[in-house]
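Listed below are the residues making up each chain.
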Amino acid sequence: MKASNEGRWANDVVSYVKRWSERLKAGVLDGKKQTRGANSAFSAIVKKELADYLTSWRMIILIALILLTCFGSLYTAMTTIRDALDSSDEAKEIAKGAYLFLKLFTVSDGTLPSFLTFVSFLGPLLGIALGFDAINSERNRGTLSRLMAQPIPRDYVINGKFAAALLLNAVLFFSLGLLVTALGILILGIPPTFEEFARIICFLLLCLVYIAFWLNLGILFSVIFRQAATSALSSMAVWLFFNLFYSMIVEVFAKPFLQSDAITSVEQAVGRQELVLGLMRLSPSYLFNESTTALLSPDVRTLGIVTVEQTAGAVAAPLPFSQSLLLIWPQATALIAATLICFAIAYWLFMRQEIRARG
Amino acid sequence: METAAIIELDNLCKTYGGHRAVDHLSLSIQKGEIFGLLGPNGAGKTTTILMMLGLTEPTSGVVRVCGIDPVRNPIEVKRKVGYLPDDVGFYPHMTGMENLLYTAALNGIPRAEAEKRAWELLEKVKLTDAAHKKTGTYSRGMRQRLGLADVLMKRPDVIILDEPTLGIDPEGVRELLRLIRDLSRHEGITVLLSSHQLHHVQQICDRVGLFVGGRLLAEGNIERLAQQLFLQDAYVIHVVASPLDDRLLVKIEAIPGVNKVERTETGLDVYCQTDVSAAISQTIIEAGSSLFHLSRRDFGLDEIYHRYFEGRDGREGE
């Protein structure tokens, strides 16, 4: 059954690719010059935005901050791991089986938070910083109406900005992740297994999606608010709310709810527990934390509630990669959906907005 | 088909909420002419321009620019029409040249050609010295001139200038207007410019449309506009002569076509329907007085404008 499903899925992908390539070919034949002109206009926007980001002080400072903190946390993680490794030869053997490499991203000695904590903290900041003045700065500088008077579709502007910011993020995080991996190999002397490497790549992809969410939120606010400061503060407020206050609020609500005398059966207790968890999962930062934890710590066997009965027969072994991936699939889907919804609203609002000079 | 209008508006309306910004506007502009859209702030000039470019959808009515419907096909229209927005902005961290090249890239012009064209245009608007300075340091006049170069990068058939002379010093205005006229005369570009500064429009426009409250009240060249708006007192002739006694005044008033004679500090203002300068000079000389100065004072647009509203208020009051 499973095999046939997979076969069907593969067929779908093949036919989809075929359809697209045909469409592309038809497009090329239809108006070769026109598509090329449009493509070059789009790439011109992306190029310009990318250059803007790379030369702006805001980005240079943020990227420096991220690099500094990440390497700081990496250093503490490495010293902790190396100390543990040096203590005995047996430790090395155990380490190979225990996904030691992934610990680089999650372990800390208490002085500095781990790489994962830093990324989940600074990533949204980076996303917001890239997005919060995307549209309103163009409007305030009076360049939006000039841009709109050029023969380009209106959505090129917002798409181009999003693409440039995402590209920057992708380059930054993949190079950061791969650098960490390389340094890990050099210093620890243990190469990552293929599975560990795949987990790291998936983790980086997840980071990208998470940052894209905050980026899109920033873009959305930049479409809604005319003042860049308003949009920056609103984005930060949302970020603070989800990162700090949301879990507090849910906990305040959950305490009496979970310990209530009205609970009479196990099912009821589990149901209430699940409700609280569901509420928690409305926050994108909670989703991100859950899924990255599952990815980077294969020991995490479940993200839901487990009763003692269920764990009774389980072997305490790390999950294989595919099972970890399966575990976080809903979380990843929800994150991608949230990202897309944010972008869709921003896109829709932008397309309907009137373009006036400095209006 | 040579006389076909390049911009054609037919019963164009735009309503914002309950407010009607543009009210049944019909207008046609011929190829190669300079048309001035004249009206006070908030008359709906910018809204009309946005509708021509397809940046705003009309509530009803039809727009055709170069034979293309901007509602259906805004990109084609924007390929042929250059638009200089009111208070144009540039990316302040990029140089003037870089800003022009970016526009060229958005228009799909190859890099080498774009650079050549940008230099030509910068020369034309006299900005070659500032080509490699950041536009953040440009003065308003320079920005406006760079804006004109920016609009011309795509070699447009039509250029639409929204308040191009706003906030520039008189010398800058003269320079800009000269440039616009040259473009129209030598390159056959159709120009539509909107303004509330009547003197500027008057200097270069072939035709003017008076646009108030979303409606086109009158159109034509300045003289026609004057005739259209005031059936009487189309001309004012200023006379300086000596001696100027009441007898002479009566004689001048008796000339056919003269409506009114007013004594001013320096001489006389003769209001008349037709140009009767010759008859006036003859009368003065025959009366034995010496004529020092006689000039026809053309109505400036602001006078037309001002007097039209005065008159309209009166008419509406009736």
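Source: prediction; values computed, not measured.

## Details of the overall build of chain B
Move 1: A tally of regular secondary structure across chain B gives eleven helices and 13 strands.
Move 2: Looking at chain B as a whole, 52% of its 318 residues qualify as buried.
Move 3: Here the contacts in chain B between residues at least 6 apart in sequence split such that 68% fall between residues at least 24 apart.
Move 4: Split by element, the accessible area of chain B, about 14,400 Å² in all, is 48% carbon and sulfur.

## Quick notes on the pairing of strand S6 (residues 158-162) of chain B
Regular strands have side chains that alternate between both faces of the sheet.
Residues and elements named next belong to chain B.
Move 1: Of all the five residues making up S6, five are buried; the element is thus mostly covered by neighbouring parts of the structure.
Move 2: Side chains Val 158, Ile 160 and Asp 162 project from S6 onto one buried face, and the interleaved Ile 159 and Leu 161 project onto a second face that is buried too.
Move 3: Alignment of strand S5 (residues 81-84) against S6, held across four bridges, turns out to be parallel. Considered in S6, the bridge of Leu 84 is made with Leu 161.
Move 4: Pairing analysis gives five bridges linking S6 to strand S7 (residues 190-195), with the strands arranged parallel. Residue pairing across strands places Val 158 opposite Thr 190, the latter belonging to S7.
Move 5: Once you follow S6 into helix H6 (residues 170-187) and on to S7, the crossover reads as right-handed.

## Examining helix H11 (residues 228-258) of chain A
All names here are of chain A.
Move 1: Look at H11: 43 Å from first C-alpha to last across 31 residues, which is about the 45 Å you get at 1.5 Å a residue.
Move 2: Taken as a whole, H11 carries its principal kink of about 50 degrees at Phe 245.
Move 3: Taken residue by residue, H11 has Ser 231, Ala 232, Ser 234, Ser 235, Trp 239, Phe 242, Tyr 246, Val 250 and Ala 254 as its buried positions.
Move 4: Residues of H11 that are buried sit in contact with helix H6 (115-131), helix H7 (136-141), helix H10 (194-224), helix H12 (266-280) and helix H13 (284-296).

## Topic: the environment of Glu 113 of chain B
Move 1: Take Glu 113 of chain B: it is sitting in helix H4 (residues 111-124).
Move 2: In this structure the C-alpha to C-alpha distance between Glu 113 of chain B and His 186 of chain B, which are 73 residues apart in sequence, comes to 21 Å.

## Section: the interface of chain B and chain A
Move 1: Contacts between chain B and chain A engage 32 residues on the former and 26 residues on the latter.
Move 2: Note on chain B versus chain A: buried area summed over both sides is about 2,500 Å², and carbon and sulfur give 55% of it.
Move 3: Counting every contact that joins chain B to chain A gives one salt bridge.
Move 4: Measuring nitrogen to oxygen at the nearest pair gives 3.0 Å for the salt bridge that ties Arg 146 of chain A to Asp 150 of chain B.
Move 5: Viewed at the interface, chain A and chain B are joined by ten residue pairs in polar contact (both at pLDDT 80 or more).
Move 6: Of all elements in the fold, only helix H1 (45-52), helix H2 (74-80), S5, helix H3 (96-106) and helix H5 (140-152) of chain B reach the threshold of two or more residues within the side of chain B that touches chain A.
Move 7: The leading source of residues in the side of chain B that touches chain A is H3 of chain B, at five residues.
Move 8: Counted by class, the side of chain B that touches chain A contains 15 nonpolar, nine polar and eight charged residues.

## Focus on the pattern of salt bridges
All names here are of chain A.
Move 1: For the coordinates displayed, the defined rule picks out 24 salt bridges over all chains.
Move 2: Note that Lys 161 and Glu 49 form a salt bridge whose closest N and O atoms lie 3.1 Å from each other. Of this pair, Lys 161 sits in helix H9 (residues 155-188) while Glu 49 sits in helix H2 (residues 32-55), and the two are 112 residues apart along the sequence. A single burial state applies to Lys 161 and to Glu 49, both of which are buried.
Move 3: Linked by salt bridges that have partners in common, Lys 48, Glu 49, Asp 52, Glu 138 and Lys 161 make up one network.

What counts, and where the lines are drawn
- In this convention, every chain numbers its residues from 1, walking through the sequence in written order.
- Throughout, the order in which chains and ligands are written sets their labels, letters from A for the former and numbers from 1 for the latter.
- Local features are withheld for residues below a pLDDT of 70 in this predicted model, meaning they are given only at 70 or higher, and side-chain atom pairs are given and counted only at 80 or more; totals for whole chains, interfaces and linings count all residues.
- Processing note: side-chain calculations cover all non-hydrogen atoms of the structure and skip hydrogens and water entirely.
- Strands are runs of DSSP state E lasting at least 2 residues, helices are runs of H or I lasting at least 4, and numbering of each runs from the N terminus.
- Relative accessible area decides the class of each residue, using a 1.4 Å probe on protein chains only: under 20% of the type maximum gives buried, over 50% gives exposed, and in between gives partly exposed.
- Every residue pair with non-hydrogen atoms within 4.5 Å of one another is taken to be in contact.
- Computed by Shrake-Rupley with a 1.4 Å probe, the accessible areas treat only the displayed protein chains as cover when residues are assessed.
- Note on pairing: two strands pair once DSSP finds at least 2 bridges between them.
- For crossovers, right-handed means that the path from the first strand over the helix to the second runs clockwise, given strands pointing away from the viewer.
- Every helix has an expected span of 1.5 Å times one less than the residues it contains.
- In this analysis the local bend is the angle between axes fitted, respectively, to the seven residues ending at and the seven residues starting at the residue.
- Once two parts are brought into contact, the accessible area they lose, counted with a 1.4 Å probe and summed over both, makes up the buried area.
- We count a salt bridge whenever a side-chain nitrogen from Lys or Arg sits within 4 Å of a carboxyl oxygen from Asp or Glu.
- Nitrogen and oxygen atoms within 3.5 Å of one another constitute a polar contact, given that in protein one can donate a hydrogen and the other can accept it, and given that sequence-neighbouring residues count only through two side-chain atoms.
- Three residue categories are used. Nonpolar comprises Ala, Val, Leu, Ile, Met, Phe, Trp, Tyr, Cys and Pro, charged comprises Asp, Glu, Lys and Arg, and polar comprises the others, including Gly.

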